[in-house]
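Tertiary structure, described
This is what each chain is made of:
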Amino acid sequence: MPRWAAITAVAASAALYAAVTVPAALRPAEGVETVLFFDGVCNLCDGFVNFVADHDSSRRVRFGAIQRHADALHRAGAGRYAEGGAEALSTLVVIQDDVFYLRSDAALRVIALLDAPFCYVAAFHALPAALREARAP
């Protein structure tokens, strides 16, 4: 077997393993509520919320606009992301079992709850956060 074929086979196996195991590891325990807070004025955020609503047949994710739920964000310790906070309206916030997640962690935790094949995208959580959240110069 040529070297490139062996490398491709190993990479494909690793990707398949991650696609199956990572989404399951990101899902909360049964009965734990997942609430996605988003910027209600942002069209990109609205598009993500619509996508999640369309592909979450189990209805495991609830939604709330950051502008209307500042009290819930403050209770979870994410008040600086609420309207009027230091980093207001700068990211998605997901709260699961009184723990909050931001940016790509939040998005990938929500994606892990979606129906197949979309949940497999959560395998990108295996990448370091610095790489997932890198910004162009």
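The coordinates are above.
Everything in this summary refers to the structure shown in the same document. No experiment lies behind these values; they were computed from the predicted model shown.

**Concerning the overall build of the protein**
- The helix and strand tally for the protein stands at 5 helices and 4 strands.
- Residue pairs at least 24 apart in sequence account for 55% of intrachain contacts in the protein once pairs closer than 6 positions are excluded.
- In the structure as shown, the protein presents an accessible area of about 8200 Å², 60% of it carried by carbon and sulfur atoms.

**Brief notes about the sheet that holds strand 1 (residues 34–38)**
- Ordered in space as 2-1-3-4, the 4 strands form an open sheet in which the pairing is mixed. Every other strand in the sheet has two partners, leaving strand 2 (61–65) and strand 4 (99–102) as the edge strands with one partner each. Each adjacent strand pair in this sheet contributes to an overall mean axis angle of 25 degrees, direction not counted.
- Where strand 1 lies against strand 3 (residues 93–96), 4 bridges are found, and the strand directions are antiparallel. Each residue of the ladder has a partner; that of Phe37, found in strand 3, is Val93.
- The strands that helix 2 (residues 43–55) touches are strand 1 and strand 2; relative to strand 1, the one it contacts most, it runs at about 155 degrees.
- Each of strand 1, strand 2, strand 3 and strand 4 touches helix 4 (residues 103–111); the most contacted strand, strand 4, lies at about 105 degrees to it.

**Considering the packing of aromatic side chains**
- In this structure the tally under the stated criterion is 1 aromatic pair.
- Where Phe51 meets Phe118, the ring centres are 5.1 Å apart and the plane angle is 85 degrees; that geometry is what we call edge-to-face. Residue Phe51 is found in helix 2, and its partner Phe118 is found in the loop between helix 4 and helix 5 (129–132); the two are separated by 67 residues along the sequence.
- For Phe51, a relative accessible area of 30% translates into the label partly exposed.
- With a relative accessible area of 28%, Phe118 lands in the partly exposed category.
- We note Arg109 situated over the ring of Tyr101; from NZ or CZ to the ring centre the distance is 3.9 Å.

**Observations regarding a nonpolar patch on the surface**
- A contiguous nonpolar patch, built from Val121, Phe124, Leu127 and Leu131 and spanning about 360 Å² of accessible area, is present on the exposed surface.
- Considering the arrangement of structural elements, one finds Leu127 in the loop between helix 4 and helix 5.

**Description of the pairing of strand 4**
- Sheet analysis places strand 3 next to strand 4, joined by 4 bridges and oriented antiparallel. Considered in strand 4, the bridge of Val93 is made with Leu102.
- Counting the residues that bridge the hairpin from strand 3 to strand 4 gives 2 residues, and of these Asp97 lies at a positive phi of roughly 55 degrees.

**Side note on the nonpolar core**
- Core analysis: the biggest nonpolar cluster contains 21 residues, and Leu36, Phe48, Leu92 and Val110 have the highest contact counts within it.
- For this core, the secondary-structure elements that each account for two or more residues are helix 1 (3–26), strand 1, helix 2 and helix 4.
- Contact partners of Leu36, with chain neighbours within four places excluded, come to Phe48, Val49, Val61, Arg62, Phe63, Gly64, Leu92, Val93, Val94 and Val110.
- Counting 12 residues, the second largest nonpolar core, distinct from the first, contains Val35, Phe37, Val93 and Ile95.

**Looking at the side chain of Ser104**
- Position of Ser104 relative to the elements: it lies in helix 4.
- By relative accessible area, which is 14% here, Ser104 ends up buried.
- In contact with Ser104, other than residues within four places in its own chain, are Arg132 and Glu133.

Conventions used here
Residues numbered from 1 in each chain as written. Predicted model: local features only at pLDDT ≥ 70, side-chain atom pairs only at ≥ 80, totals over all residues. Heavy atoms only, no water. Helix = DSSP H or I, 4+ residues; strand = E, 2+ residues; numbered from the N terminus. Contact = heavy atoms within 4.5 Å. Areas by Shrake-Rupley, 256 points an atom, 1.4 Å probe, with all protein chains shown as cover. Pairing = 2+ DSSP bridges. Axes fitted to C-alpha atoms, helices over the stretch in contact; angles between N-to-C directions. Phe/Tyr/Trp six-rings, centres within 6.5 Å; stacked < 30°, edge-to-face > 60°. Buried < 20%, exposed > 50% of the residue type's maximum accessible area, 1.4 Å probe, protein only. Lys NZ or Arg CZ within 6 Å of the ring centre and 35° of its normal. Patch = residues over 30% accessible without salt bridge, like charges linked within 9 Å, V, L, I, M, F, W, Y side chains within 5 Å. Salt bridge = Lys/Arg side-chain N within 4 Å of Asp/Glu carboxyl O. Core = buried A, V, L, I, M, F, W, Y, C linked by side-chain atoms within 4.5 Å.

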